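# Fold and geometry: a report
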Amino acid sequence: MSRIQEALRLGFLTAKKIYRELGAGRNLSDQHLLKVEEFLRELWGCTASLAPDVRHLHSQQIETQAWLYNHWVNVAALVCWYTQRKGMSWEEAYPLLLGAYLHDIGYARIDEGVLNSRHKLDENSMLQIQMHPQIGYNLVKDMKDIDDAVKQAILFHHERFDGEGYPTTLPYGRLPFSLKIVGMADVLEALIHERTYRKAYPLAEALRLFFNMGGHEFDRELMHDFLDTVGRPLALNLPFYRSGQLGRLASGTVVSIEEAHSANWLHPTVSVLINNKREIVPRSEPSVLSDELIFIYSHAESEKILRHIAEKRASMKKSS
Ligand SMILES: [Fe+2]
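Residues numbered from 1 in each chain as written. Predicted model: local features only at pLDDT ≥ 70, side-chain atom pairs only at ≥ 80, totals over all residues.

Scanning the protein chain from N- to C-terminus turns up 13 helices and 5 strands. Taken against the 2.2 N^0.38 rule, which gives 20 Å for 320 residues, the C-alpha radius of gyration of the protein chain at 22 Å falls within 12% of a compact globule. Here the protein chain holds 320 residues, and 35% of them are scored as buried. Considering only contacts within the protein chain whose residues lie at least 6 apart along the sequence, 63% involve residues at least 24 apart. (Helix = DSSP H or I, 4+ residues; strand = E, 2+ residues; numbered from the N terminus. Rg over C-alpha atoms; globule rule 2.2 N^0.38 Å. Buried ≥ 20, exposed ≤ 12 C-beta atoms within 10 Å, placed from the backbone. Contact = placed C-beta atoms within 7 Å.)

Next up, the structure:
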């Protein structure tokens, strides 16, 4: 087993141990924290080779709760990768890493039947799930060795840019930067890995969905930075939209992506199909996008819009 695989295995087993013991009514102890620090130090030491391991960890799922233990490990791994690529020191990064690893600790006290449900959750179960940030916070709030930034990551990791998150006790604008990073890693990890009720999204599709969350779940600029730093390298810098796919600008203009540019991925070459007054216009000459792309349609959605445009053009031609 390589060093990175051993580190990830240690993170997995530590998560399992903590999760089981908290679930049995015990408290988080200093011994647990020492083990977590040992794992995070190991992870920090071999982050350079992390990307493929983060991508393939889901194949190690061997038991019902495994997705959860892997989630602790993978979110910490994504944040580890992000902080290293941003040039942070271990001391600066440690509270982020610990927050990333422990952010879902409250799940240890949620009914396992609800947590591992293979069906869409009813309102009651949903309310239970939404208690996990507060439950997790209660587990750590009196521990002196845990930094406030870590406690905040546990309590606020489901707050959203548009205020639609929970527990909504702190507006997104007032959340510390470190916490927003944990929130983004949490969502990206969930998209690229399997859950009990759905399969993992293919990487390009996961990145497209993540991109479309900018301005809703996350601050768009921060999302671009996160995607640029860890999301795209995870996909080996392949563009997550392709020529022929459609996108929408902040003005409402709909464009066809003609050519994606790996280095300048936010500014592909595009042709305008629908202008900002929602009028279908003759396809413009391709040019590099200077405006901001805020939404990328899936292949199926793109094809549907293109069919609609073709039908409209045909009926306009007939009537003229
Ligand atoms: Fe969570």
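As paired elements, strand β1 (residues 246-249) and strand β2 (residues 254-259) share 3 bridges and run antiparallel to each other. If you follow Arg248 over to β2, its bridge partner there is Val254. In this antiparallel pair of consecutive strands, β1 and β2, the connection spans 4 residues, and Gly252 shows a positive phi of 100°. (Pairing = 2+ DSSP bridges.)

Attention now goes to the packing of helix α8 (residues 132-140) against helix α9 (residues 148-156). Packing of α8 against α9 brings their axes to within 7 Å, and their N-to-C directions diverge by 155°. By the criterion of interaxial angle, the relationship of α8 to α9 is roughly antiparallel. Between α8 and α9, the residues in contact are Pro133, Gln134, Gly136, Tyr137 and Val140 and Lys151, Ile154, Leu155 and Phe156, respectively. Taken together, the residues of the contact of α8 with α9 break down into 6 nonpolar, 2 polar and 1 charged. (Axes fitted to C-alpha atoms, helices over the stretch in contact; angles between N-to-C directions. Parallel < 35°, antiparallel > 145°, perpendicular 65-115°, else oblique. Nonpolar A, V, L, I, M, F, W, Y, C, P; charged D, E, K, R; others polar.)

Here we take up the environment of Tyr197. Structurally, Tyr197 can be placed in the loop between α10 (177-192) and α11 (203-212). The exposed category is assigned to Tyr197, around which 11 C-beta atoms lie within 10 Å. Separated by 77 residues in sequence, Tyr197 and Lys120 have C-alpha atoms that sit 7.6 Å apart.

This paragraph deals with the environment of Tyr201. Here Tyr201 is to be found in the loop between α10 and α11. The partly exposed category is assigned to Tyr201, around which 17 C-beta atoms lie within 10 Å. Taking the C-alpha atoms as reference points, Tyr201 and Ala190, 11 residues apart in sequence, are found 9.1 Å from one another.

Next up on the list: the domain arrangement of the protein chain. Split into domains, the protein chain comes out as domain 1 (3-234) and domain 2 (246-319). Between domain 1 and domain 2, the C-alpha centre-to-centre distance is 36 Å. Taken together, the contacts link 7 residues of domain 1 with 6 residues of domain 2. Sorting the residues of the side of domain 1 that touches domain 2 by element identifies α11 and α12 (220-234) as the ones contributing at least two each. (Domains from an automatic or database assignment.)

Taking strand neighbours across the sheet as the criterion, the 5 strands line up as β4-β3-β2-β1-β5 in an open arrangement whose pairing is antiparallel. One side of each edge strand has no neighbouring strand; the edge strands of this open sheet are β4 (287-288) and β5 (293-296).

What follows is about unusual backbone geometry. Among all residues except glycine, the phi angle is most often negative; among peptide bonds, the trans geometry is most common. Cis rather than trans, the peptide bond between Tyr166 and Pro167 has omega equal to 5°. Relative to the helices and strands, Pro167 resides in the loop between α9 and α10. A positive phi is found at Arg278, a non-glycine position, where the angle reads about 65°. Following the sequence through the fold, Arg278 ends up in the loop between β3 (269-274) and β4.

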